[in-house]
Every structure is written in C-alpha cells, then in structure tokens.
Amino acid sequence: MQITEVKLHSVRLPLIRPFTTSFGTQKVRSAIIVEVHAQATNATGNPTEVVGWGECVALADPLYSPEYTEGARQMMIRYLLPALFAYQDRHGAVTAETVGHSMRAVVGHPMAKSALEMAVLDAQLRARGESFAQYLGATVDRVPSGVSVGIQNSIPELIDTVAEYVEEGYQRVKLKIQPGWDIAPVAAVRERFGPDLLLQVDANAAFTLADAALLRKLDTFDLLLIEQPLGEADLRQHAELATLMSTPMCLDESIVSAEAAADAIAMKAAAVINIKPGRVGGYLEARRIHDVARANGVAVWCGGMLETGLGRAANAALAGLPGFTLPGDISASGRFYETDLTEPFVLDGGYITVPTGPGLGVEPIPEILRELTTDLNAVAAGA
Ligand code: OSB
Ligand code: MG
C-alpha cells in the first residue's frame, strides 16, 4: 500500500458527565483522529484508493501516561509520519505489519504510534474487504459490556449511578478508587447490589505498598480483580501485594508491551491483564499480549480510554479473541457521549456487537467530524 496523504483531526467531544479518576477529572474528550489516504490492492488484485481511520487515545494531560493529545499530534507530525514516509520511500510500500517497525527508532509514544498503525490497518483491511475482527482472530460476534464508574461526590450518588448502569444492562461494574474513596464505596455497592454483581476496582496507581493492610480489606467483597493499585514501575511491589491479598491482581499502566506482560506473569505481579491497544503501541502488540497471557493461562480483558466509535469498534473486535474471558470496558457510546463520531454503539442485552464490515466497519460521520474538529493538519507523502 502507498500512503498518499495523512490528515490529523484534533477533535473535542463533550462528555455527558464528568469522569473522575484518581489522576483527575475529564469533562471533554480531546483526541486525534487519523485519516490515511492510500493506494492499495483490492481482493481481486486491482488497484484501489482507500481511506483508513485511526484514533489516538492519549488524554489531554499527561496524568495517566506520559503522552498527551497535543504532544501526540506534534510527535506524529515531527517524527512518526516522516519515519513512516521514509520507510515507504525505501521499500516502495507500507503495510500495517511494518508500521511499528518503520517507527522503531523513536523511543516511546505508543499511543501516537498506535493511532497511525490503526489507520493503516483500517485502510489495508478496507481494501481487502476484511474486518478487524477477522484479521485479529475474533471468534464471537458480540462481547459482554462492562462500565467504568468514576469517583463520585458521595456514596448515595454512587449507588444511583451504578443503579442506572445496571438497569441499562451492563454486565460488570468497575469502580474507580483512590485513598479516601476505597473501602466504603465498594462495601456500599456490594451491599446494595448483592453477590451476583460482577464487581471490580481500579486505583490508577494511587496507592503504595504501605497501604497493603487497607487494600486487604477489599478481599471480603468478592471482587473479580483489583486493577493497578500501585505505580506503573512497581512490578515487584505488585507481586508482593498479590501475596498479601486474595483479590486477583490486574495490571493496566504497567503493561506497556508483550515483554512487560511476560515479566509481570513470570513475577506473579499480574493474575489478570487489562489490554489497551493505545497503551501498548497498537492492535498487533495487543494481540501479542493476548497470546502471551493465553499461553500462560492468564485472563485478559479489553480496557477503554473513552474512545470514540472508531476506537470502540476496534476494541470490540479485539475483545472477540478467545483469551478475553472477562467483560471489558467497552460500553455503549452513550456512556460518555451525546454525539459520537460514528453511528453510536448501543447495548444489546448487555453486549456490544462486533462490527463485521470491512476494516473498522464504522467511519466518522463527515458533518459530525467537521463540527467537532478544532484543528486539522494534512501531511502529504513526499512533501
Ligand atoms: O484506567 O482504565 C483506566 C479511562 C481513562 C484512562 C484510564 C482508564 C480509563 C477508564 C475508562 O477506566 C474506561 C472506558 O473507556 O470505559
Ligand atoms: Mg485502569
């Protein structure tokens, strides 16, 4: 495939309600939507022009990970697209499978890299008439939908919020926790919704090993898992905490690659892994992590980064792989957005349908994309 032009749309999507985690409150989702134009070969071997879409999941500020929206845009313009185009000049073509390789000299920036790889993969698959689900190896046509519930102002408010989601059919509830919003909210939700609610917590690295005695109190609530209680670099400490708690240890921030996943598994720092394609540099690396975990009998689930319909579509396809044995943070578009960039994803009996059309199977609605775009950069090949 030959890329002719890449457009970067900086978009802002207002959230239906603020989303608070231990690292801050989001009121708007700012993202970079990547639009790749390319000449490709279709399934019958004829040349065809295609457009592919990617989404950069970096948040507006570098609080969850070092990347941030504006930095990712700069990174793509100054380093990653030039590297990709230089590779294309040397080899005459790029494929989704060589995008990561073409950018390997640039250290870090997995979310920016992931967005470009996703867009190239989408273009490649659209040309061939193959879906993300087929390409990645999904084995189901729908995935169970979980919801991530932000830190609330009070426990009664939390109970009302969770009740709404349970009513809507979400199959699993994840509560964000932080020091001071930890045991009591979990106890209240378990008490109110009973033992059958699939419940888990996510601390986004807000605790330290000195909090082990407090965190242990979570063991009485029959949680599916505790996600990233400690720092990103604290693999050994997570392994130690895991010996002190019966709640299964799940890592998010710490798992930045398949190698990190293999290390975490070997050290027993993770009994479960949250896979986020953006965090690990793309859907191909995400699939590798799935494969490593599955080979080791470690359950995985698909995390979320408040994706628009584009990222949501790709995540649903990924979550259809057989090792994804726990419900993911793949909720309906309406969980976050009044207006999504694509046709909205809806909950169907607690499930999200895996798209079957070519590539992502969804695309941005042009008027909505235009309306939500605050900045547009176009980079032509050979420019
Ligand atoms: O830690 O899983 C996380 C959102 C932004 C950054 C980090 C996380 C999250 C979520 C939201 O929990 C999941 C979603 O998109 O539904
Ligand atoms: Mg998390």
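Refer to the structure above for everything that follows.
**Re the pattern of salt bridges**
Here comes step 1: All told, the structure shown has 14 salt bridges when counted by the stated rule.
Here comes step 2: Arg17 is paired through a salt bridge with Glu164; the nearest N and O atoms lie 2.8 Å apart. Remark: Glu164 occurs in helix H5 (residues 155–168) and Arg17 occurs in strand S1 (residues 2–21); sequence separation between them is 147 residues.
Here comes step 3: Of the residues examined, Arg17 reaches a relative accessible area of 29% and is grouped as partly exposed.
Here comes step 4: A relative accessible area of 38% means that Glu164 is categorised as partly exposed.
Here comes step 5: Through salt bridges that share partners, Arg172, Lys174, Lys176, Asp202, Glu227 and Asp329 make up one connected network.

**Brief notes about the site of ligand 1**
Here comes step 1: In the vicinity of ligand 1 lie 16 residues, with Ser148, Lys174, Lys176, Asn204 and Leu306 positioned nearest.
Here comes step 2: Separating an oxygen atom of ligand 1 from a side-chain N or O atom of Ser148 is a distance of 2.9 Å.
Here comes step 3: For ligand 1, whose unbound accessible area comes to 390 Å², protein coverage reaches 100%.
Here comes step 4: The residue makeup of the shell around ligand 1, split by class, is 6 nonpolar, 3 polar and 7 charged.
Here comes step 5: When we break the shell around ligand 1 down by domain, the ones giving at least three residues each are domain 1 (2–128 + 363–380) and domain 2 (134–353).

Rules used in this analysis
- Residues numbered from 1 in each chain as written.
- Chains lettered and ligands numbered in written order.
- Predicted model: local features only at pLDDT ≥ 70, side-chain atom pairs only at ≥ 80, totals over all residues.
- Heavy atoms only, no water.
- Salt bridge = Lys/Arg side-chain N within 4 Å of Asp/Glu carboxyl O.
- Helix = DSSP H or I, 4+ residues; strand = E, 2+ residues; numbered from the N terminus.
- Buried < 20%, exposed > 50% of the residue type's maximum accessible area, 1.4 Å probe, protein only.
- Near = heavy atom within 4 Å.
- Polar contact = N/O pair within 3.5 Å; in protein donor to acceptor, adjacent residues only side chain to side chain.
- Areas by Shrake-Rupley, 256 points an atom, 1.4 Å probe, with all protein chains shown as cover.
- Nonpolar A, V, L, I, M, F, W, Y, C, P; charged D, E, K, R; others polar.
- Domains from an automatic or database assignment.

On their own, these measurements won't tell you what the molecule is for.
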